[in-house]
Amino acid sequence: MASQRKIDEANEHIRQAEKSLKTGLLKWKPDYDVAADEYNKAGVAFRIAKEYEKSVECFLKCAENYKLNRSWFHAAKAMEAAVQPMKEMGLLKKVPEFIEQAAVLYQQHGSPEAAIATLEKCSKFMENTHPDLAILLLNKAVDIVMIEDSSRQGIEYLNRLARLMVKHQFYDDATDAIRREIILNQKEESFQAIGRLAVVLVLVQLARADYVAAEKAFKEWGNYCEPSEIQTLEMLLQGFDDEDPDLARRALSSPFIRHMDVEFSIMARDLPLPSGLSTAPKASVIENAVASYKSPNAPPGEVSVLMSFPVVKKTLTLFFFLPLHRRVVGAFQVRMTLKKVDCVSGVPPMSSQLYKISLCISQRILLISPRIVHCENLPGKLSLKSPHLSFNMVCILIF
């Protein structure tokens, strides 16, 4: 019932507005001011009655009549009033168009502060749903501030713009905003602020995964930083250069980084760290392996030499870098030494096994091509039972 009453009231205002625009024998000029006022009242009534489309239409007609009457300020207010029913309809993508027109009308009237406030207010309520449009509106506000040549206000709005861009991960645009803010701080001789912005710029470049640009930014603006900030940035860049995630993490946990603006602190917390250098997996240990054979005829003072597979591999690698005649002598020495051990121990099962090992070692030593890494045929652990063998194998390693 109340809605219908408001609709009837709005229609009556529309009739009065159309009547004021008519001309006749005694009325030669339309009354734009009265028509705009009536359309404004009709728009408010339709908005209360939740007839949002008609409300927007009335506010736009109101703005047009104020323009015809050259009342720029009131026309801007009418354009701004049309935003509320558009929000109720969910047409947020069309809001920036109306707000930009309102800002232009405020500038024509000579009220840039009202234009900046309108753009900023609209940017705030669009931030969560349409961050790209919110950034666009705030950027327009920054442009108006720069036209007015207000450096301090420009620094404030550029800082808001940079934080908004970083919050929604528009890092490419954020670098431009930060650089513009640095230039304005240079004009104002705010050197301490430039140092803090240099830290932010390095972090943003690292968030873009551009280490070269981050290092360039540090070299360009790092002389404005405090000693603690310089030390932290050097540690951070060194961590990324050396692929050391622990060093980079230690730098990012610095107190002054954690106490920056919330958006910058969150960006530093979520910064992707370097992956680090890959290390070779450890050799697997064979469970329940059989113990090495020990001859019952071996003397009590015998020394047992345990040679693991990596040691054999290293030995063969050393032989590979020796001249060919030295490899031949070494191979012969290994083969004759193993035969000697076989004769001393007097254990037939071990003699055949050791002799096969000697053949394998000597053949690998005599190889010309670097295929010595393929030694899968060697056992995982060799037990060689002779002090003479220990001495000879050490001599071979040194040789």
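See the structure shown above.
Overview of the structure. Given the structure is predicted, the values throughout are model-derived calculations rather than measurements. (Residues numbered from 1 in each chain as written. Predicted model: local features only at pLDDT ≥ 70, side-chain atom pairs only at ≥ 80, totals over all residues. Heavy atoms only, no water.)

1. Comments concerning the overall build of the protein chain
- In terms of regular secondary structure, the protein chain is built from 20 helices and two strands.
- For the protein chain, the residues scored as buried account for 42% of the 399 residues in total.
- Expressed as a percentage of contacts within the protein chain between residues at least 6 apart in sequence, the contacts between residues at least 24 apart total 63%.
- Of the roughly 23,000 Å² of accessible surface on the protein chain, a fraction of 55% belongs to carbon and sulfur atoms. (Helix = DSSP H or I, 4+ residues; strand = E, 2+ residues; numbered from the N terminus. Buried < 20%, exposed > 50% of the residue type's maximum accessible area, 1.4 Å probe, protein only. Contact = heavy atoms within 4.5 Å. Areas by Shrake-Rupley, 256 points an atom, 1.4 Å probe, with all protein chains shown as cover.)

2. Observations regarding the environment of Leu-237
- Mapping Leu-237 onto the fold places it in helix α13 (residues 227-241).
- For the pair Leu-237 and Ala-248, spaced 11 residues apart in sequence, the C-alpha to C-alpha distance is 7.5 Å.
- The contacts of Leu-237, once residues within four sequence positions are left out, are Val-202, Tyr-211, Ala-214, Glu-215 and Phe-218.

3. Describing the packing of aromatic side chains
- Counted according to the given criterion, the structure contains three aromatic pairs.
- When the centroid spacing of 5.8 Å and the interplanar angle of 20° are considered together, the rings of Phe-191 and Tyr-224 count as stacked. With Phe-191 in helix α11 (residues 191-207) and Tyr-224 in the loop between α12 (211-221) and α13, this residue pair connects regions lying 33 residues apart in the sequence.
- According to the relative accessible area criterion, Phe-191 is partly exposed, its value standing at 43%.
- Ring geometry for Trp-221 versus Tyr-224: centroids 6.3 Å apart, planes at 35°, classification tilted.
- Its end group placed over the ring of Phe-125, Lys-87 keeps NZ or CZ at 4.2 Å from the ring centre.
- Over the aromatic face of Tyr-157 sits the side chain of Arg-160, whose NZ or CZ is 4.8 Å from the ring centroid. (Phe/Tyr/Trp six-rings, centres within 6.5 Å; stacked < 30°, edge-to-face > 60°. Lys NZ or Arg CZ within 6 Å of the ring centre and 35° of its normal.)

4. Describing unusual backbone geometry
- The backbone of Arg-70 sits at a positive phi, close to 60°, despite the residue not being glycine.
- Structurally, the position occupied by Arg-70 is in the loop between α3 (52-68) and α4 (72-81).
- Even without being glycine, Ala-209 reaches a positive phi, approximately 65°.
- Following the sequence through the fold, Ala-209 ends up in the loop between α11 and α12.
- Using a relative accessible area of 71% as the deciding quantity, one classes Ala-209 as exposed.

5. Things to note about α3
- In a regular helix each residue adds 1.5 Å, so 17 residues correspond to 24 Å; α3 covers 25 Å between its end C-alpha atoms and thus fits that length.
- Within the span of α3, buried status applies to Tyr-52, Ser-55, Val-56, Cys-58, Phe-59, Cys-62, Ala-63, Asn-65 and Tyr-66.
- Phi for Arg-70, located one or two positions after α3, is positive at around 60°. (Expected span 1.5 Å × (residues − 1).)

6. Comments concerning the side chain of Glu-80
- For Glu-80, the location among the structural elements is in helix α4.
- Under the relative-accessibility criterion, Glu-80 is labelled buried at 16%.
- Ignoring anything within four residues of it in the chain, the contact list for Glu-80 reads Ala-102, Tyr-106, Thr-118 and Lys-121.

7. Here's the deal with the environment of Ala-213
- Mapped onto the fold, Ala-213 is located in helix α12.
- Relative accessible area serves as the criterion here: at 17%, Ala-213 is assigned to the buried category.
- Each C-alpha atom of the pair Ala-213 and Leu-201 lies 9.4 Å from the other, and the pair is 12 residues apart in sequence.
- When residues no more than four places from it in sequence are discounted, the contact partners of Ala-213 are Gln-205 and Arg-208.

8. Focus: the packing of α12 against α13
- Two numbers describe how α12 lies on α13: the axes approach to 11 Å, and their chain directions differ by 155°. Overall, the two elements α12 and α13 adopt an arrangement that is roughly antiparallel. For the crossing formed where α12 meets α13, the hand is left-handed. Listed contacts from α13 to Tyr-211, Ala-214, Glu-215 and Phe-218 of α12 are Ile-230, Leu-233, Glu-234, Leu-237, Phe-240 and Asp-241.
- Class assignment for the residues of the contact of α12 with α13 results in seven nonpolar, no polar and three charged. (Axes fitted to C-alpha atoms, helices over the stretch in contact; angles between N-to-C directions. Parallel < 35°, antiparallel > 145°, perpendicular 65-115°, else oblique. Left-handed = near helix turned anticlockwise from the far one by under 90°. Nonpolar A, V, L, I, M, F, W, Y, C, P; charged D, E, K, R; others polar.)

9. Structural notes on the pattern of salt bridges
- Summed over the entire model, instances satisfying the criterion amount to 20 salt bridges.
- The shortest N-O distance in the salt bridge between Arg-208 and Asp-210 comes to 3.7 Å.
- A relative accessible area of 32% places Arg-208 in the partly exposed class.
- For Asp-210, a relative accessible area of 25% translates into the label partly exposed.
- When salt bridges that share partners are traced, they join Glu-120, Lys-124, Glu-156 and Arg-160 into one network. (Salt bridge = Lys/Arg side-chain N within 4 Å of Asp/Glu carboxyl O.)

10. Things to note about the environment of Cys-58
- Here Cys-58 lies in helix α3.
- Put simply, Cys-58 and Tyr-39 are 19 residues apart on the chain and 5.3 Å apart in space, counted from C-alpha to C-alpha.
- Those residues within four positions of Cys-58 in sequence are excluded, and the remaining contacts are Ile-14, Tyr-39, Ala-42, Gly-43 and Phe-46.

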